[in-house]
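Architecture and fold: a report
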Amino acid sequence: LALDMYGMMDLNVLKYYFQLSTLLTEAKELIREEMSELSFKTWILPLEISSIYENNITLIAKDQFKKESIETRFKDLISNAFNIILQKNLFFKNRI
């Protein structure tokens, strides 16, 4: 994170992380409507957002098993949710 000499986070960086968090919350709400509550809590709720760069969105999974399972089962669902919100085509990437 970008900190100034007083240890304060740069306001633009803070806004960026807030926007990412808000975007992820909105996407999760769309995804929640498309799956069972148990599946949502198991696979989607724990995801964190890392970045959006150009047309790529990167989410963070807790471990390799979850990463692979999410990519196999929910990649299209996740991509579609972000595409609806942002009105553009994003490519979903997942990392641990």
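Residues numbered from 1 in each chain as written. Predicted model: local features only at pLDDT ≥ 70, side-chain atom pairs only at ≥ 80, totals over all residues. Heavy atoms only, no water.

1. Considering the sheet that holds strand β3 (residues 91–95)
Whether parallel or antiparallel, the strands of a sheet pair through hydrogen bonds between backbone atoms. Ordered in space as β1-β2-β3, the three strands form an open sheet in which the pairing is mixed. Since the sheet does not close on itself, it has two edges, and those belong to β1 (48–53) and β3, each with one partner. Between one strand axis and the next, the sheet turns through 25° on average, direction left out of account. By the bridge criterion, five bridges tie β1 to strand β2 (residues 56–60) in an arrangement that is antiparallel. Following the sheet pairing, isoleucine 49 is matched in β2 by leucine 59. Along the sheet face, helix α3 (residues 64–86) touches β1, β2 and β3 and points at about 140° away from the line of β3. (Pairing = 2+ DSSP bridges. Helix = DSSP H or I, 4+ residues; strand = E, 2+ residues; numbered from the N terminus. Axes fitted to C-alpha atoms, helices over the stretch in contact; angles between N-to-C directions. Contact = heavy atoms within 4.5 Å.)

2. Focus: the pairing of β2
Among the five residues of β2, four are classified as buried, and the element is accordingly described as predominantly covered. Hairpin connection between β1 and β2: a loop of two residues separates the two successive antiparallel strands, and glutamate 54 in this loop has a positive phi of roughly 55°. Sheet analysis places β2 next to β3, joined by five bridges and oriented parallel. From the neighbouring strand, asparagine 56 faces β3, where its bridge partner is phenylalanine 91. In terms of handedness, the path from β2 via α3 over to β3 forms a crossover that is right-handed. (Buried < 20%, exposed > 50% of the residue type's maximum accessible area, 1.4 Å probe, protein only. Right-handed = clockwise from strand over helix to strand, strands pointing away.)

3. Points about the nonpolar core
Within the largest apolar cluster, 21 residues are counted, with the highest numbers of intra-cluster contacts made by Ile44, Ile49, Ile57, Leu59, Ile70, Ile78 and Phe82. Mapped onto this core, the elements with two or more residues apiece are α1 (11–32), α2 (37–44), β2 and α3. With residues near it in sequence (within four places) discarded, isoleucine 57 still touches Leu23, Ile49, Ser51, Ile52, Phe82, Leu90, Phe91, Phe92 and Lys93. (Core = buried A, V, L, I, M, F, W, Y, C linked by side-chain atoms within 4.5 Å.)

4. So, the confidence of the model for the protein chain
Taken residue by residue, the protein chain gives an average pLDDT of 84. The fraction at 70 or more is 84%. Here residues 1–8 is a poorly scored stretch, pLDDT under 50, and it has nine contacts once near neighbours within four places are set aside; other chains count. (pLDDT = per-residue confidence, 0-100.)

5. Quick notes on α3
Along its 23 residues, α3 runs just 28 Å from first to last C-alpha, ending more than 12% under the 33 Å computed at 1.5 Å per residue. The largest bend in α3 is about 75°, located at phenylalanine 74. Within α3, the full set of buried residues consists of Lys67, Ser69, Ile70, Phe74, Ile78, Ser79, Ala81, Phe82 and Asn83. Near the N-terminus of α3, the side chain that reaches the backbone nitrogen of phenylalanine 65, with its oxygen 3.1 Å away, is that of aspartate 63. Looking one or two places after α3, you find glutamine 87, whose phi comes out positive at around 55°. (Expected span 1.5 Å × (residues − 1). Bend = angle between axes of the 7 residues up to and from the residue. Polar contact = N/O pair within 3.5 Å; in protein donor to acceptor, adjacent residues only side chain to side chain.)

6. A closer look at the packing of aromatic side chains
Applying the stated rule across the entire model yields two aromatic pairs. When the centroid spacing of 6.0 Å and the interplanar angle of 50° are considered together, the rings of tryptophan 43 and phenylalanine 65 count as tilted. Within this pair, whereas tryptophan 43 is found in helix α2, its partner phenylalanine 65 is found in helix α3, the two being separated by 22 residues in sequence. Relative accessible area serves as the criterion here: at 10%, tryptophan 43 is assigned to the buried category. Every member of this aromatic cluster is reached through a ring pair, and the members are Trp43, Phe65 and Phe74. (Phe/Tyr/Trp six-rings, centres within 6.5 Å; stacked < 30°, edge-to-face > 60°.)

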